[in-house]
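Chain and residue survey
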Amino acid sequence: MKDKLIIFDTTLRDGEQSPGASMTKEEKVRIARQLERMRVDVIEAGFPAASNGDFESVKAVAGTIRDSTVCGLARALENDIARAGEAIRGANSGRIHTFIATSPIHMEKKLRMSPDQVVEQAVKAVKWARQYTDNVEFSPEDAGRSETDFLCRILEAVIDAGATTLNIPDTVGYNLPHVFGDLIRTLRERIPNSGKAIFSVHCHNDLGLAVANSLSAVLNGARQVECTINGLGERAGNASLEEIVMAVRTRQDIFPCDTTLDTTQIVSASRLVASVTGFVVQPNKAIVGANAFAHESGIHQDGVLKHRETYEIMRAEDVGWTANKMVLGKHSGRNAFRSRLQELGIVLDSEEALNAAFVRFKDLADKKHEIFDEDLHALVSDESSVLEHEHFKLVSLKVCSETGEIPHATVVVSENGVERQAEADGGGPVDAAFKAIEAIAGSGAELQLYSVNNITSGTDAQGEVTVRLAKGGRIVNGQGADTDIVIASAKSYLHALNKLHSKLERAHPQV
Ligand code: KIV
Ligand code: ZN
């Protein structure tokens, strides 16, 4: 019997800490449902003390998810822990993850605490957390740059205080695989009560080594890995879930453990996270990149056709790559639409949301003959973004673009229910549309990113547009999808403005 490797997904917490990746409560619940479908063991849903919005999101995820453990992050402070405890109260299985920094530089410069004080605070934090749940995880932040003797001391103390998982973070992505693996082995061997807790790792990707470091830790006894879909996360990101899971699954000749994940859900999870956050996946990204299983060269194609394993170490279908399926068309009825959404695991919260999505589906079917699963995902994602924040709503858009002429846009936007019209010229049709919207909204936000992706192939495919806006230190992403990319662009710009308008302020756990 092999050991179980616990998969702890932190897309909704550490992933969300990437500038511009912040998610609404509805978006978090949607992603959490997909993680549950994939049979992720632990979902870190957020940092409840960061803001009321984060608290509500963790509470909503805890109240929705039944099969995965739902975790809330808390600094080693009584109030943070109480918020996390309250947020996970409705969970079938809840966990509190508390942390405090242990590297000399963090203790001295950031916390301004002595090592003795840090140990004392960590022990108190774990005891506070145990008042809410038996499932308590402790992380010595910046463990990758902490002294091994001090780590042994603090970890022994928190196990005695009741921590059941010890997570060793390489917070700044500084480690190399053999060094990090040795650290995990040394901690397990030297801490006298180490057998009472599960060792976990949490690696950042600043040197591109997050996955390698995590796998080396697993080979040295770690039995939980913290990771994110698509490797989303602060700076260069966290270890990527799909790479870890597939490395362990593919190399069962090497690993003494395996996950219980349903890997066929990986591609759907990747697409969902990319579309919600606007962080698109590079085509050559392992496992989930569009080219990950594409064989371009003649020699490879020939080999794969003769015997697939000549060039393929995994099967595309095992991670959820399937040929695009035409699922619905212009004549499909409401019940067929509803049941296809159910098959895709898309749950709309109300009849109103279903009706609105169905109207948009009919509109889309008029413009596009074949509707694929990807179209439905985009359509629903577009719909829920509209329903969530309705301060600005696109009513109509007219754009004139002609060779030799300056592009001109006329837009009508409903602002809080009141229709307003504006016109503008621009360098191109999208630029003109954005300027016209700005003439109404007057946000003064800086456009940091504009990207267009086609959801399926063909010239009638829907374009999915992401814009990133920055204002007053806040960064938000907006998405919009339509068969007309100028309309998709306008929708995405309004979606981002709505997020800015909602003024959700949140603290960062590590600052
Ligand atoms: O990177 C880190 O140290 C963290 C901790 C909160 C676990 O995200
Ligand atoms: Zn982290």
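Residues numbered from 1 in each chain as written. Chains lettered and ligands numbered in written order. Predicted model: local features only at pLDDT ≥ 70, side-chain atom pairs only at ≥ 80, totals over all residues. Heavy atoms only, no water.

**Things to note about the sheet that holds strand β14 (residues 408–415)**
- Ordered by their spatial adjacency, 3 strands build an open sheet running β13-β14-β15, and the pairing between neighbours is antiparallel. Whereas interior strands pair on both sides, the edge strands pair on one side only; in this sheet they are β13 (392–400) and β15 (418–425). Sheet twist, expressed as the mean angle between neighbouring strand axes with direction ignored, is 15°.
- Where β14 meets β15, 8 bridges bridge the pair, whose relative direction is antiparallel. Paired with Ala409 across the two strands is Ala424, which belongs to β15.
- Contacting β13, β14 and β15, helix α15 (residues 429–441) runs over the sheet at an angle of about 135° to β15.
- Of the strands in this sheet, β13 and β14 touch helix α16 (residues 485–501), which is tilted by about 150° from β13. (Pairing = 2+ DSSP bridges. Helix = DSSP H or I, 4+ residues; strand = E, 2+ residues; numbered from the N terminus. Axes fitted to C-alpha atoms, helices over the stretch in contact; angles between N-to-C directions. Contact = heavy atoms within 4.5 Å.)

**Concerning the pattern of salt bridges**
- Taken as a whole and assessed by the stated rule, the structure comprises 30 salt bridges.
- With a shortest N-O distance of 2.8 Å, Glu141 and Lys110 are connected by a salt bridge. Placement of the pair is Glu141 in strand β6 (residues 136–141) and Lys110 in helix α4 (residues 104–111), with a sequence separation of 31 residues.
- For Glu242, the salt bridge goes to Lys285, with nearest N and O atoms at 2.9 Å. Residue Glu242 is found in helix α9 (residues 241–250), and its partner Lys285 is found in the loop between α10 (266–277) and α11 (298–306); the two are separated by 43 residues along the sequence.
- Ionic contacts of the salt-bridge type, sharing partners, join the residues Arg13, Asp14 and Glu44 into one network. (Salt bridge = Lys/Arg side-chain N within 4 Å of Asp/Glu carboxyl O.)

**Describing the coordination of the zinc ion (ligand 2)**
- Protein coordination at the zinc ion (ligand 2) comes from Asp14 (OD), His202 (NE2) and His204 (NE2), with a distance range of 2.0 to 2.1 Å.
- As a motif over one chain, the donors of the zinc ion (ligand 2) read D-x187-H-x1-H.
- Note on His202: relative accessible area 5%, which makes it buried.
- When its relative accessible area of 4% is taken as the criterion, His204 is described as buried. (Donors = N, O, S within 2.8 Å, 3.2 Å for Na, K, Ca; no water. Buried < 20%, exposed > 50% of the residue type's maximum accessible area, 1.4 Å probe, protein only.)

**Section: the domain arrangement of the protein**
- Considered domain by domain, the protein is made up of domain 1 (3–277), domain 2 (293–321), domain 3 (322–384) and domain 4 (392–502).
- Averaged C-alpha coordinates put domain 1 and domain 2 at centres separated by 34 Å.
- Counting residues at the interface gives 7 residues for domain 1, matched by 7 residues for domain 2.
- Interface of domain 1 and domain 2: buried area, both sides summed, is about 580 Å²; carbon and sulfur atoms make up 67% of it.
- Our count for the domain 1 to domain 2 interface comes out at 3 residue pairs in polar contact (both at pLDDT 80 or more).
- When residues of the side of domain 1 that touches domain 2 are traced back to their parent elements, those giving at least two are α9 and α10.
- A total of 3 residues in the side of domain 1 that touches domain 2 trace back to one element, the largest contributor, which is α10.
- Class assignment of the residues belonging to the side of domain 1 that touches domain 2 gives a composition of 3 nonpolar, 3 polar and 1 charged. (Domains from an automatic or database assignment. Buried area = accessible area lost by both parts, 1.4 Å probe. Polar contact = N/O pair within 3.5 Å; in protein donor to acceptor, adjacent residues only side chain to side chain. Nonpolar A, V, L, I, M, F, W, Y, C, P; charged D, E, K, R; others polar.)

**What about the nonpolar core?**
- Within the largest apolar cluster, 93 residues are counted, with the highest numbers of intra-cluster contacts made by Met38, Phe138, Leu155, Ile168, Leu187, Val201 and Leu241.
- Counting the residues that make up this core, at least three belong to each of domain 1 (3–277) and domain 2 (293–321).
- For Phe138, the residues in contact, after removing those within four places along its chain, are Thr98, Phe99, Ile100, Ala122, Val126, Ile154, Leu155, Val158, Ala163, Thr165, Leu166 and Asn167.
- Counting 27 residues, the second largest nonpolar core, distinct from the first, contains Ala409, Val411, Ala433 and Leu494. (Core = buried A, V, L, I, M, F, W, Y, C linked by side-chain atoms within 4.5 Å.)

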